[in-house]
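# Inside the fold
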Amino acid sequence: MFYIYCPYCGEHREEEEFHPKGQAHIERPKDPEACSDEAWGDYLFFRDNPRGVHHELWVHAVGCRKFFNVTRHTVTYEILETYKMGEQPSITADAQGQPREAVAASRQEGVRA
Amino acid sequence: MQRYSGFGLVKHALSHHENWQRQWRNPTPKKQYDVIIVGGGGHGLATAYYLAKEFGVTNVAVIEKGWLGGGNTARNTTIVRSNYLWDEAAALYEHAMKLWEGLSQDLNYNVMFSQRGVLNLGHTLQDMRDIQRRVNANRLNGIDGEVLDAKGVQELVPIMDCSKNARYPVLGASWQPRAGVARHDAVAWGYARGADALGVDILQQTEVTGFKIRDGQIYGVHTNRGDIEAKTVGCVAAGNSGVLAKMAGFKLPLESHPLQALVSEPIKPILDTVVMSNHVHGYVSQSDKGDLVIGAGIDGYNGYGQRGSYPTVEHTLQAIVEMFPIFSRVRMNRQWGGIVDTCPDACPILSKTPVKGLFFNCGWGTGGFKATPGSGHVFAASLAKGEMHPIAEPFSMFRFHSGALIDEHGAAGVAH
């Protein structure tokens, strides 16, 4: 069971209030008509499926009904941060070498869970 | 290979069952094989078995990073059926069903295949229309199927609540009598024993760490036990296929999700068929041991953790109790999760890849177990000939760019 911090409500809520909506930060091609089959297929169907840090889109379905982003580890399932639409993640796979410290730091600041 | 028989059982009883032959060897890897199969689950072992038996390719290695059938082969709910809507999927699953029907004899190994039938319930008018359509499509493809009304369902499963008072009353069901269940780990063991007897090397505790590729052609794999060479490599690695594809330098349209299942304490025989419901979303059968085997849909988020969230389990049991109020006080014994590699169209990938000689068999999502023999058979044919078998042809990984999807999502009765 996840305990998820909704950045819009500013509160932790239970997982059942939310729905996962797949990978975050996917942009629809600006001009779909000009897309090659490869580019369009990639946009529609191909997703990152990492064993590790993953950025995903969630919706607070029975709360504020807003979409937001979650950075989560796909093996430990630990939620490293949540952030609003349009923002960039502060924890990425590149910083995977020392994610624990980063998480511990953000925990201590009490900003995100 | 010592054949199993009733006579053999008596013979071994005389020596206190201490002299049974090991079911497969534990060989040291050779430097070179004709074909390497990455992944020693049901599908991988079936591929090796049919390669050796039907296509005469016996210089084969199966490389498994853990132990045989330790992944989804041992984590599924053992349901076998072939009532898929689309021609391509129906052909593949029915091919498997026909192999299931003779599998215990073929392998000389009791896989406990029990054709007790599968019901896919309908709770709305639209469900019933979809069921009509699917059963008609099945029949045109030579797959058995019947449409039952609520009375027919009640006759088959007297303990189910088919009254009008239910929150989602049962209006009817599709019924596939040839469908059923099988003992899942016996399938892996049976194929392993059969393949080993035909000369296949099964290498457990051996992890592939990279591919050896030259000029776009594969010529071997790196493992933690040294390099092994082969001109043909088939990857059958389920949830870890994406990781392997990345090593080979391309992407697959797969997402790995946790899929949970649970079993109850053993109870006396009470349910002699398999009941699945898409609408209230749960499925249940009773194993030969007496436990109720229960499953439902995936957890919606990506995960490799072989566990999921508690609310998913709770929803599953709500559905089961909705259908079977009599089960409301049965206690659950164990609960677990597997990693399923799901495709956007809920159909598998059996395909050549951008690397010559490298083939992938993956993306079975939540419905892989039932296809084990068929998947192994057509994949073996493809590896042996270097060209995809006609049944496997539509399941190319390139369909996500060409648009020729086989959209079984929602069409296949239930979240498998």
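Quick caveat: nothing in here was measured; it's all calculated off a predicted structure.

This paragraph deals with the overall build of chain B. Looking only at helices and strands, one finds 11 helices and 19 strands in chain B. Here the C-alpha atoms of chain B give a radius of gyration of 21 Å, agreeing with the 22 Å that 2.2 N^0.38 yields for 416 residues. Summarising its shape, the C-alpha atoms of chain B cover approximately 65 × 65 × 40 Å along the three principal directions. Looking at the 416 residues of chain B, the share that counts as buried comes to 59%. Across chain B, every contact between residues at least 6 apart in sequence was considered, and the portion connecting residues at least 24 apart equals 76%. Once the 39 positive and 37 negative side-chain charges of chain B are each reduced to a mean point, those two points are 4 Å apart.

Once that is clear, we can look at the overall build of chain A. Each helix and strand counted, chain A has two helices and six strands in total. Reading chain A from its N terminus to its C terminus gives the helix and strand order β-β-β-α-β-β-β-α. The 113 residues of chain A split such that 38% are buried. Pairs at least 24 residues apart make up 50% of the contacts formed inside chain A by residues separated by at least 6 positions. Counting every atom, chain A has about 6,400 Å² of accessible surface; 47% of that belongs to carbon and sulfur.

Throughout the structure, instances matching the rule amount to 20 aromatic pairs over all chains. Seen in terms of ring centroids, Phe18(A) and Phe68(A) are 5.7 Å apart; in terms of plane orientation they differ by 80°. Their pairing is edge-to-face. Linking Phe18(A) in the loop between β2 (11–14) and β3 (19–23) with Phe68(A) in strand β5 (residues 67–73), this pair joins segments that are 50 residues apart in sequence. As far as the burial class goes, Phe18(A) and Phe68(A) line up, both buried. Seen in terms of ring centroids, Trp40(A) and Tyr43(A) are 5.2 Å apart; in terms of plane orientation they differ by 45°. Their pairing is tilted. A residue pair is termed a helical-turn pair when its members lie 3 or 4 positions apart in one helix, as Trp40(A) and Tyr43(A) do in helix α1 (residues 37–45) at three residues. Its relative accessible area of 28% is what places Trp40(A) among the partly exposed residues. Ring pairing ties together the aromatic residues Phe2(A), Trp58(A), Tyr77(A) and Tyr301(B), which thus form one cluster.

Glancing now at the confidence of the model for chain A. Residues at a pLDDT of 70 or more form 82% of chain A, whose mean pLDDT is 86. Confidence drops under a pLDDT of 50 for residues 100–113 of chain A, and excluding neighbours within four residues, the segment shows 21 contacts in the predicted structure.

When a strand is regular, its side chains alternate between the sheet's two faces. Residues and elements named next belong to chain B. Residues Thr232 and Gly234 line one face of strand β12 (residues 232–235) and the alternating positions Val233 and Cys235 line the opposite face, and both faces are buried. Bridge count between strand β1 (residues 35–38) and β12: four bridges; the pairing is parallel. Bridge pairing links Ile36 to Val233 in β12. By the bridge criterion, three bridges tie β12 to strand β19 (residues 358–362) in an arrangement that is parallel. Looking across to β19, one finds that Val233 is bridged to Leu358.

All right, on to the environment of Gly297(B) then. Mapped onto the elements of the fold, Gly297(B) is located in strand β16 (residues 292–298). As for Gly297(B) and Gly42(B), which are separated by 255 residues in sequence, their C-alpha atoms are 22 Å apart.

A word on the pattern of salt bridges. All names here are of chain B. Overall, the coordinates contain 21 salt bridges over all chains when judged by the stated rule. Lys352 is the partner of Glu387 in a salt bridge, and the nearest nitrogen-oxygen pair spans 3.2 Å. Taken together, the residues Glu387 in the loop between α10 (372–385) and α11 (399–402) and Lys352 in strand β18 (residues 349–352) connect sequence positions 35 residues apart. Taking relative accessible area as the criterion, Lys352 reaches 32% and is therefore assigned partly exposed. Connected through shared salt-bridge partners, Glu94, Glu101, Asp144 and Arg178 make up one network.

Okay, the interface of chain B and chain A next. With 25 residues of chain B at the interface, the matching set in chain A holds 24 residues. Taken over both partners, the interface formed by chain B and chain A buries close to 2,200 Å², and the fraction arising from carbon and sulfur atoms is 54%. Looking at the side of chain B facing chain A, the largest losses of area belong to Tyr301(B), Tyr304(B) and His401(B), adding up to 32% of the total buried there. Linking chain B to chain A there are one salt bridge. In this structure, the salt-bridge partner of Asp48(A) is Lys251(B), at a minimum N-O distance of 3.1 Å.

All names here are of chain A. Here we have four strands laid out as an open sheet, ordered β3-β4-β5-β6, and antiparallel in their pairing. Single-partner strands in this sheet number two, and they are β3 and β6 (79–84). Put simply, the sheet's adjacent strands are angled 30° from each other on average, direction ignored. Taken together, the three bridges between β3 and strand β4 (residues 53–59) define a ladder with antiparallel strand orientation. Residue Gln23 lies in a different strand from β4, and its bridge partner there is Glu56.

Where a protein is soluble and globular, its nonpolar side chains tend to be buried together. Residues and elements named next belong to chain B. The biggest cluster of nonpolar side chains holds 59 residues, and the ones touching the most others in it are Ile37, Trp100, Tyr191 and Leu350. Here this core takes seven residues from helix α2 (residues 42–54), the largest share from any one element. The two domains that each donate at least three residues to this core are domain 1 (28–78 + 184–254 + 345–412) and domain 2 (114–178 + 255–341). When near neighbours in sequence (up to four residues on either side) are disregarded, Ile37 contacts Gly44, Thr47, Ala48, Leu51, Val60, Ala61, Val62, Ile63, Gly234, Val236 and Leu383. By size, the runner-up hydrophobic cluster in this structure holds 31 residues, among which are Leu203, Ile228, Phe250 and Cys362.

Conventions used here
Residues numbered from 1 in each chain as written. Chains lettered and ligands numbered in written order. Predicted model: local features only at pLDDT ≥ 70, side-chain atom pairs only at ≥ 80, totals over all residues. Heavy atoms only, no water. Helix = DSSP H or I, 4+ residues; strand = E, 2+ residues; numbered from the N terminus. Rg over C-alpha atoms; globule rule 2.2 N^0.38 Å. Buried < 20%, exposed > 50% of the residue type's maximum accessible area, 1.4 Å probe, protein only. Contact = heavy atoms within 4.5 Å. Lys, Arg positive; Asp, Glu negative; His and termini not counted. Charge placed at Lys NZ, Arg CZ, Asp CG, Glu CD. Areas by Shrake-Rupley, 256 points an atom, 1.4 Å probe, with all protein chains shown as cover. Phe/Tyr/Trp six-rings, centres within 6.5 Å; stacked < 30°, edge-to-face > 60°. pLDDT = per-residue confidence, 0-100. Pairing = 2+ DSSP bridges. Salt bridge = Lys/Arg side-chain N within 4 Å of Asp/Glu carboxyl O. Buried area = accessible area lost by both parts, 1.4 Å probe. Axes fitted to C-alpha atoms, helices over the stretch in contact; angles between N-to-C directions. Core = buried A, V, L, I, M, F, W, Y, C linked by side-chain atoms within 4.5 Å. Domains from an automatic or database assignment.

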